[in-house]
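What follows is each chain in one-letter form.
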Amino acid sequence: MFMHNKKLMYTVRVSEPNPVLASLMLEQFGGPQGELAAAMRYFTQGLADEDPGRKDMLIDIATEELSHLEIIGSIVAMLTKGAKGKLAEGAEETADLYANITQGNGSHTLSLLYGGGPALVNSAGQLWTGGYIDSIGDPTADLRSNVAAEARAKIIYERLINVTNDPGVKDALGFLMTREIAHQKSFEKALYAIDNNFPPGKLPGKPEYTDKYYNTSQGEGDMRGPWNQGAQWEFVDVKMGDAPVNGGDGNPTVKLAASELAAVNAVAARTMSKPDSDPITGADLGAGPGAGKTKSTTKG
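Since we're looking at a predicted model, the values are computed, not measured. (Residues numbered from 1 in each chain as written. Predicted model: local features only at pLDDT ≥ 70, side-chain atom pairs only at ≥ 80, totals over all residues. Heavy atoms only, no water.)

Novice: What's the story with helix α3 (residues 35-48) in this structure? I'm lost.
Specialist: An α-helical turn contains 3.6 residues, so any two residues separated by three or four positions project in the same direction. The end-to-end C-alpha separation of α3 is 20 Å, in line with the 20 Å expected for 14 residues at 1.5 Å each. Taking burial as the measure, the 14 residues of α3 include 10 buried ones, the bulk of the element. Next to the buried residues of α3 lie α2 (27-30), α4 (52-79), α8 (139-162) and α9 (167-192). (Helix = DSSP H or I, 4+ residues; strand = E, 2+ residues; numbered from the N terminus. Expected span 1.5 Å × (residues − 1). Buried < 20%, exposed > 50% of the residue type's maximum accessible area, 1.4 Å probe, protein only. Contact = heavy atoms within 4.5 Å.)

As structure tokens, this is what we get:
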């Protein structure tokens, strides 16, 4: 059950309307790193989690994310108030009104299509989608994903702070950015409260491959570091023409019934190419400069 407190979690003071900034703010309202996506991600994880401590944490943070959604939505609504009123009432000359709502970055879409209200779209106008929710139902995988999600959201808030001079908006965004840090800490602590949290899932990796680092991109720029050297790693240079790492010949095989094999062979025979054939084609007839050498089509 939810109950709503009409006061925002953090007091927001906007100095003046700015529909362009409002459009950018939508990234954290209806974008993939935004507050709605975060709330839905943690709610769905929490509902399914069997651990009472993690469940409580996930539901707490999900609920807080909804309060952050309200803050961002309120900022968007305040930043578009001037344009919204003028647009609704036709309070300006056409040219002035047009200039007011077409300041760039989709602000005209926000004003015309959504009436200045916060819309469930990102800053480019892309509709919010449940595809943003990347939960997979394993806490060691989901918590790692949550840590990354909070990190990405913090970066977006940093970028939004850098594109506004409004002190009230900066202050509110600074609060939201800081809460992303707090949530990241909670998720990391919850992850490492699980014994044997790596690798994710139940099944172990195959020991003959778990500690190998395959150097498959070779040449100038090859680097060594803790990601491919030390006690954890066996470094393997994969040369051109090397056999597959499992010792096989690298050729895929499938067992077919006699009838299936006959059908496959019939298709192969019917569609076989002739390497020694070189007929005149449309590419020859229409070839222009830069197409390479073309064969003569002049009739004797």
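So, next bit.
Novice: Please clarify how the nonpolar core should be interpreted in this entry.
Specialist: Most often, soluble globular proteins keep nonpolar side chains buried together rather than apart. Core analysis: the largest hydrophobic core is formed by 25 residues, its most contacted members being M25, I72, I75, Y157, L173 and L176. Among the secondary structure elements, those contributing two or more residues to this core are α1 (19-25), α4, α8 and α9. Contacts of M25, omitting those with residues within four sequence positions, involve I72, I75, V76, L79, L160, V169 and L173. (Core = buried A, V, L, I, M, F, W, Y, C linked by side-chain atoms within 4.5 Å.)

Novice: How should I be thinking about the packing of α4 against α8 in this particular structure?
Specialist: Between two packed helices, both the angle of their axes relative to each other and the distance between the axes serve to describe the pair. For the pair α4 and α8, the least separation of the axes is 14 Å and the interaxial angle reads 25°. What the angle tells us is that α4 and α8 run roughly parallel. Here the hand of the crossing between α4 and α8 comes out left-handed. For the pair α4 and α8, the contacting residues are R54, M57, L58, E65 and I72 in the first and P139, L143, N146, E150 and Y157 in the second. (Axes fitted to C-alpha atoms, helices over the stretch in contact; angles between N-to-C directions. Parallel < 35°, antiparallel > 145°, perpendicular 65-115°, else oblique. Left-handed = near helix turned anticlockwise from the far one by under 90°.)

Novice: Sorry if this is basic, but what is going on with the pattern of salt bridges here?
Specialist: Here the idea is simple: oppositely charged side chains can pair when their charged atoms come close. The tally for this structure, following the rule as stated, stands at 5 salt bridges. Measuring nitrogen to oxygen at the nearest pair gives 3.2 Å for the salt bridge that ties D134 to R41. One end of the pair, D134, is in the loop between α7 (107-114) and α8; the other, R41, is in helix α3, with 93 residues separating them in the sequence. Between K212 and E234 there is a salt bridge, and its shortest N-O distance comes to 3.5 Å. Here E234 lies in strand β2 (residues 234-237) and K212 lies in strand β1 (residues 212-215), a separation of 22 residues in the sequence. Overall, K212 belongs to the partly exposed group, its relative accessible area being 25%. Overall, E234 belongs to the partly exposed group, its relative accessible area being 42%. (Salt bridge = Lys/Arg side-chain N within 4 Å of Asp/Glu carboxyl O.)

Novice: Help me understand the side chain of E65 in this model?
Specialist: Its location among the elements puts E65 in helix α4. Despite being buried, E65 has no salt bridge partner; R41 is the closest side chain of opposite charge, sitting 7.1 Å away. With near-sequence residues (within four places) excluded, E65 lies in contact with E35, A38, A39, Y42, E150, E180 and H183. (Lys, Arg positive; Asp, Glu negative; His and termini not counted.)

Novice: Hey, could you run me through α4 in this one?
Specialist: When the terminal C-alpha atoms of α4 are compared, their 41 Å separation across 28 residues agrees well with the 40 Å that a helix rising 1.5 Å per residue should span. Where α4 begins, the side chain of D51 points an oxygen toward the backbone nitrogen of G53, at a separation of 3.2 Å. (Polar contact = N/O pair within 3.5 Å; in protein donor to acceptor, adjacent residues only side chain to side chain.)

Novice: Where do I start with the packing of α3 against α4 in this structure?
Specialist: Taken N-terminus to C-terminus, the directions of α3 and α4 make an angle of 160°; their axes are 8 Å apart at the nearest point. The orientation of α3 with respect to α4, classified from their angle, is roughly antiparallel. Handedness of the crossing formed by α3 with α4: left-handed. The segment α3 lies against α4, with E35, L36, A38, A39, Y42, F43, Q45, G46, L47 and A48 engaging K55, L58, I59, I61, A62, T63, E65, L66, H68 and L69. Among the residues forming the contact of α3 with α4, the class breakdown is 13 nonpolar, 4 polar and 3 charged. (Nonpolar A, V, L, I, M, F, W, Y, C, P; charged D, E, K, R; others polar.)

Everything listed here is a matter of coordinates, which is why it stays silent on function.
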